[in-house]
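Listed here are the chains, written in short residue letters.
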Amino acid sequence: MPGVLDRGVSRLNNYMKSTKFKNFDKAEYEIKLRKPRKELVAEGICDYPEHDRLNKILVNPHQDDKKVLETVIHELIHAYIWDLSETKVTRLARSIVRILSSLDIEIKFKER
Ligand SMILES: [Zn+2]
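The following refers to the structure shown. (Residues numbered from 1 in each chain as written. Predicted model: local features only at pLDDT ≥ 70, side-chain atom pairs only at ≥ 80, totals over all residues.)

## Some remarks on the nonpolar core
- In terms of nonpolar packing, the biggest core is built from 15 residues, with Tyr29, Ile57, Val59, Ile73 and Ala79 touching the most fellow members.
- Broken down by secondary-structure element, the contributors of at least two residues to this core are strand 2 (28-33), strand 4 (55-59), helix 2 (65-80) and helix 3 (86-102).
- Residue contributions to this core peak at 5 residues, all from helix 2.
- The residues touching valine 59, leaving out its near neighbours within four places in the chain, are Ile31, Leu33, Glu43, Gly44, Val68, Thr71, Val72 and Glu75. (Core = buried A, V, L, I, M, F, W, Y, C linked by C-beta atoms within 7 Å. Buried ≥ 20, exposed ≤ 12 C-beta atoms within 10 Å, placed from the backbone. Helix = DSSP H or I, 4+ residues; strand = E, 2+ residues; numbered from the N terminus. Contact = placed C-beta atoms within 7 Å.)

Right, here's the structure in full:
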């Protein structure tokens, strides 16, 4: 029976989920569903794109699904368009999630 606890377990399974990609300038990134350090306060962080290392994005998985999606999109925008202002990144990510939502497109965690 699915419930709060099962959902928690499912989130735990997703805890260290990660994948890699390269931005427009071929800087390599690894994105992980892991809570950024507490002192950072943010729900997501994105490294400045460097070419001689594996850059990191961390996204806190302990948020509702829509917020996780918005944070992933937000940090991806930083990785691809570093010079875009924080305000515009925030607006674009919110806009994408809202538009997807309005089209009844929903992205959920896979239950495992
Ligand atoms: Zn940001």
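## Considering helix 2
- Between its first and last C-alpha, helix 2 extends 23 Å over 16 residues, near the 22 Å set by a 1.5 Å rise per residue.
- Where helix 2 is buried, its residues contact strand 2, strand 3 (44-46), strand 4 and helix 3. (Expected span 1.5 Å × (residues − 1).)

## Comments concerning the packing of helix 2 against helix 3
- Interhelical geometry of helix 2 versus helix 3 gives an angle of 135° and a closest axis separation of 9 Å. Considered as vectors, helix 2 and helix 3 are oriented oblique to each other. The crossing of helix 2 and helix 3 is right-handed. Here helix 2 contributes Lys66, Leu69, Glu70, Ile73, His74, Ile77 and His78 to the contact with helix 3, which in turn contributes Val89, Thr90, Leu92, Ala93, Arg94, Ile96 and Val97. (Axes fitted to C-alpha atoms, helices over the stretch in contact; angles between N-to-C directions. Parallel < 35°, antiparallel > 145°, perpendicular 65-115°, else oblique. Left-handed = near helix turned anticlockwise from the far one by under 90°.)

## A short note on the environment of lysine 108
- Checked against the element boundaries, lysine 108 lands in the segment after helix 3.
- Lysine 108 sits in the exposed class, given 10 other C-beta atoms within 10 Å.
- Note: C-alpha distance between lysine 108 and aspartate 64 (44 residues apart in sequence) is 9.8 Å.

## A word on the sheet that holds strand 2
- A sheet is described by the order of its strands in space; here 4 strands give the open sequence 1-2-4-3, paired in mixed fashion. Edge positions in the sheet fall to strand 1 (18-22) and strand 3, since each has one partner strand and no second. In this sheet, adjacent strand axes meet at a mean angle of 20° when their direction is disregarded. (Pairing = 2+ DSSP bridges.)

## Observations regarding helix 3
- Helix length check: helix 3 (17 residues) gives 24 Å between terminal C-alpha atoms against 24 Å at 1.5 Å per residue, within 8%.
- Of the residues one or two after helix 3, aspartate 104 is the one with positive phi, at around 60°.

## Quick notes on unusual backbone geometry
- If you check the backbone angles, lysine 26 has positive phi at about 70° while not being a glycine.
- Looking at where lysine 26 falls in the secondary structure, it is placed in the loop between strand 1 and strand 2.
- With 8 C-beta atoms counted inside 10 Å, the residue lysine 26 sits in the exposed group.
- In this model, aspartate 104 sits at a positive phi of 60°, which is unusual for a non-glycine residue.
- Mapped onto the fold, aspartate 104 is located in the segment after helix 3.

## As for the environment of isoleucine 96
- Here isoleucine 96 shows up in helix 3.
- Assessed through the 15 C-beta atoms surrounding it within 10 Å, isoleucine 96 is described here as partly exposed.
- With 23 residues separating them in the primary sequence, isoleucine 96 and isoleucine 73 have C-alpha atoms 8.2 Å apart.

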